[in-house]
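Examining the three-dimensional arrangement
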Amino acid sequence: MTGMDAKQLLEQAALTLFSAKGYEGVGVQEIVDHVSLTKPTLYHYFGSKDGLFRTIIARGVLPLEQELILAARYAGDLTGTLSTIARCYFTFLDRHPVFYRLWLAIQTAPTDSIMKQLAAPYLEHQIEVIETVFQQAVRDHGNMDGRSTIYTMTFIGMINSIANLVLDGTLEIDEGMLYRVLHQFEHGIYS
């Protein structure tokens, strides 16, 4: 078993398949066949396909959340904070491209999809962390008052659009590109 135990093999197989096909597009049989295991093995470790998906999301999002919380410490420099948050996402993307593709799919999934419902607490927390930055920045940028939600969703959307281009191989992130994108975003929010 290539150094991984059955539980790890199932998680890795499911992550790969969910990332490629979405939660609804993958069955338990396909997951266990992918690693030559059995359904009872999957049920032993995870209880269900939902349990497996929850495990993958929790394990995958944890490092991103930890870094995001650190990156989102606002100390009066919105440009610096947004830059640090963007770097946080792009570093995570570089380290975990398969998971990030799944994360993108979750964020754009229909609201009533199982995938979106199972990941909702993590999505909501991500939004809350970033929205808090914009709310705190109001004391320094009064014209932003009442706009934190739209700024948050626009910022996350921008990050995800760039991530999608990176995953598709049509864009590489470098400091110059990051500066231009953040400058363009900030031009809109400061006016």
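Structure: see above.
The following refers to the structure shown. (Residues numbered from 1 in each chain as written. Predicted model: local features only at pLDDT ≥ 70, side-chain atom pairs only at ≥ 80, totals over all residues. Heavy atoms only, no water.)

1. Section: the nonpolar core
We count it as follows: What is meant by a nonpolar core is a set of buried Ala, Val, Leu, Ile, Met, Phe, Trp, Tyr and Cys residues, joined one to another through side-chain atoms within 4.5 Å. Here the term buried applies to any residue with accessible area under 20% of the maximum for its type, exposed to any over 50%, and partly exposed to those in between, with areas from a 1.4 Å probe on protein chains only. Two residues form a contact once any of their heavy atoms are found within 4.5 Å.
In this structure, I31, F134 and F155 are the most contacted members of the largest nonpolar core, which totals 66 residues. Other than its neighbours up to four places away in sequence, I31 contacts L10, A13, A14, L17, F18, V26, L42 and L52.

2. Details of helix α8 (residues 148–167)
Condition: Helix and strand labels come from DSSP, where a helix needs a run of H or I of at least four residues and a strand needs a run of E of at least two; each type is numbered from the N terminus. Given a helix with a known number of residues, its expected span is that number minus one, times 1.5 Å.
Look at α8: 28 Å from first C-alpha to last across 20 residues, which is about the 28 Å you get at 1.5 Å a residue. Listing the buried residues of α8 in full gives S148, Y151, T152, F155, I156, M158, I159, N160, I162 and A163. In the segment just after α8, G169 is the residue with positive phi, at about 80°.

3. Some remarks on the pattern of salt bridges
Rules: What makes a salt bridge here is a side-chain nitrogen of Lys or Arg within 4 Å of a carboxyl oxygen of Asp or Glu, nothing more.
Enumeration according to the criterion identifies 4 salt bridges in this entry. Here E11 and R59 are joined by a salt bridge, their closest N and O atoms 2.8 Å apart. With E11 in helix α1 (residues 6–21) and R59 in helix α4 (residues 49–71), the pair connects residues that are 48 residues apart, well separated along the chain. Taking relative accessible area as the criterion, R59 reaches 48% and is therefore assigned partly exposed.

4. Section: the packing of α4 against helix α5 (residues 78–95)
For clarity, the cut-off: Angles shown run from 0 to 180 degrees and are taken between the N-to-C directions of axes, each axis being a line fitted to C-alpha atoms and, for helices, limited to the stretch in contact. Geometric relationships in this document are graded by angle, where less than 35 degrees denotes roughly parallel, more than 145 denotes roughly antiparallel, 65 to 115 denotes roughly perpendicular, and other angles denote oblique. Note on convention: near helix rotated counterclockwise from far helix by under a right angle means a left-handed crossing. Clockwise means right-handed. Any residue outside Ala, Val, Leu, Ile, Met, Phe, Trp, Tyr, Cys, Pro, Asp, Glu, Lys and Arg is labelled polar, Gly included; the first ten of those are nonpolar and the last four are charged.
Two numbers describe how α4 lies on α5: the axes approach to 9 Å, and their chain directions differ by 160°. Judged on the interaxial angle alone, α5 and α4 are roughly antiparallel. Every pair of crossing elements has a handedness; the one defined by α4 and α5 is right-handed. Touching G60, P63, L64, E67, L68 and A71 of α4 are T81, T84, I85, C88, Y89 and F92, all from α5. Grouping the amino acids of the contact of α4 with α5 by side-chain chemistry returns 8 nonpolar, 3 polar and 1 charged.

So yeah, pure geometry; function would need other evidence.
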